[in-house]
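# Examining the three-dimensional arrangement
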Amino acid sequence: MRQSPHHPPLPAIWSRLPRLVLFVAASLPLLLLAMLAIGLAAGSAKAKSGSGQVDETAGIVCAGENLTKRLSASDPEAMAEARAEAAAVPNGKGRLWKLEKPGVAPSWLFGTMHVTDPRVVTMPEAARDAFDTADTVVIETIDILDPAKAQAALLSRPELTMFTDGSTLVSFLDEADAQLVEEELARRGIPLALVSRMKPWMIAGMLAMPPCELERKNEGAAFLDVRIAEDARAEGKTLRGLESIGEQMTAMADLPMEFHVRGLVETIRLADLMPDIMATMTELYLEGEIALIMPTIMAAGPETDEGDTDGYAQFEERIVLMRNRVMAERAAPILAEGNAFIAVGALHLPGEEGLVSLLRDAGYTISAVR
């Protein structure tokens, strides 16, 4: 990748961005589930903005620059290369897909982004129309709608989110990294002792979450998947989930501790870049350019370190690809009934092993709805 001549060189840790971007995209909903269940993010909930309510969080603005704009102006060749890379990804463009099979009423697959940004939470008209006509609505997990159930699930398996063997976070950090983590937590008003027994991925998720997201969460805003589920219940639709909170947490816990520790340290070191990363992810998502997210972010930095790809591949396999296969399998009987609206993270849609490809292999004719 090339460095823009109009911007100073970015730190070498940009070479680790693939893992970090996937972490942010895939772990945010899991983090919110855990925070909800153990009471870490119990905000004032004074501005819940479901159907027919005024959204009092609309004025909360996130900082950050969409990197596609920077690259298009300063290095159009690099931006062109990123677009070419994205174009080669199967099913990489589009948020809403129509699924058809002879003898079965059409269903819909909608890619979500697990944030509270009002632009994201407001579904495009075509997706809203598909939702309105569906008899069954499906999200990744419905456990998040029942805090008591989520809490019970986590309490039954505390090892998924907490150290239960006497270890602490510092046990896995060298002196320099321990100081880095403690200083960053202190800067945010969080004593290390308060979170010392939490698994690193939970702490990393809290630190990676943009301040605007935390502010909207504390004002009671729901992210898109929750809004979809709440609307489905309010309208009397059948609501189902493809996974349980325990399964989602297990997916994170299955990754090696070394990976989680590196992710925490890198999240802190990349803190100043997170606003740009989140802005890029959000705006490309809104444009339906799902496969362009990673190439754009990588094009903004120097050449990647090819030796630092193991964690990225491991994360992608366990958190994305394995879950894709589970989702496709569990969606099959729901789709066989027809007239379903399935909403999962947009990260799960593209690629040869994405949900669109897997469901197409299962016999559905699938077309993107622009």
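Report on the accompanying structure. (Residues numbered from 1 in each chain as written. Predicted model: local features only at pLDDT ≥ 70, side-chain atom pairs only at ≥ 80, totals over all residues. Heavy atoms only, no water.)

### Some details on the state of the cysteines
Stated precisely, the cut-off is as follows: Working definition: a disulfide is two cysteine sulfur atoms within 2.5 Å of each other. Strands are runs of DSSP state E lasting at least two residues, helices are runs of H or I lasting at least four, and both sets are numbered from the N terminus onward.
A full pass over the atoms with the stated rule returns 1 disulfide. Sulfur-sulfur distance for the disulfide between C62 and C212 comes to 1.8 Å. On the sign convention where negative means left-handed, the S-S torsion of about 100° between C62 and C212 marks this disulfide as right-handed. Remark: C212 occurs in helix α10 (residues 211-218) and C62 occurs in the loop between α1 (17-38) and α2 (67-74); sequence separation between them is 150 residues.

### Re the packing of helix α7 (residues 175-187) against helix α13 (residues 257-269)
Basically, it comes down to this: With axes taken as lines fitted to C-alpha atoms, and helix axes fitted only over the stretch in contact, angles between N-to-C directions fall between 0 and 180 degrees. Oblique is the label for any angle not covered by the other classes, which are roughly parallel (under 35 degrees), roughly antiparallel (over 145) and roughly perpendicular (65 to 115). A crossing counts as left-handed when the near helix is turned anticlockwise from the far one by less than a right angle, and as right-handed when that turn is clockwise. Any pair of residues with heavy atoms lying within 4.5 Å of one another is described as a contacting pair. For this scheme, ten residues count as nonpolar: Ala, Val, Leu, Ile, Met, Phe, Trp, Tyr, Cys and Pro. Four count as charged, namely Asp, Glu, Lys and Arg, and the remainder, Gly too, count as polar.
The geometry of α7 relative to α13 is characterised by a closest axis approach of 10 Å and an angle of 55° between their N-to-C directions. Of the possible angle classes, the one that applies to α7 and α13 is oblique. Note on packing geometry: the crossing formed by α7 with α13 is left-handed. Contacts between α7 and α13 involve D177, L180, V181 and E184 from the first element and L264, V265, I268 and R269 from the second. Residue composition of the contact of α7 with α13, grouped by class: 5 nonpolar, no polar and 3 charged.

### Focus: the sheet that holds strand β2 (residues 104-112)
Which entries qualify depends on this criterion: Here, any two strands with at least 2 DSSP bridges between them count as paired.
Pairing is mixed in the open sheet, where 6 strands are placed in the order β4-β3-β5-β2-β1-β6. A strand with exactly one partner marks an edge of an open sheet, and here the two such strands are β4 (238-241) and β6 (365-369). The average angle at which neighbouring strand axes cross in this sheet is 20°, direction not considered. Here 4 bridges tie strand β3 (residues 136-139) to β4, and the two strands are oriented parallel to one another. Paired with T136 across the strands is T238, a residue of β4.

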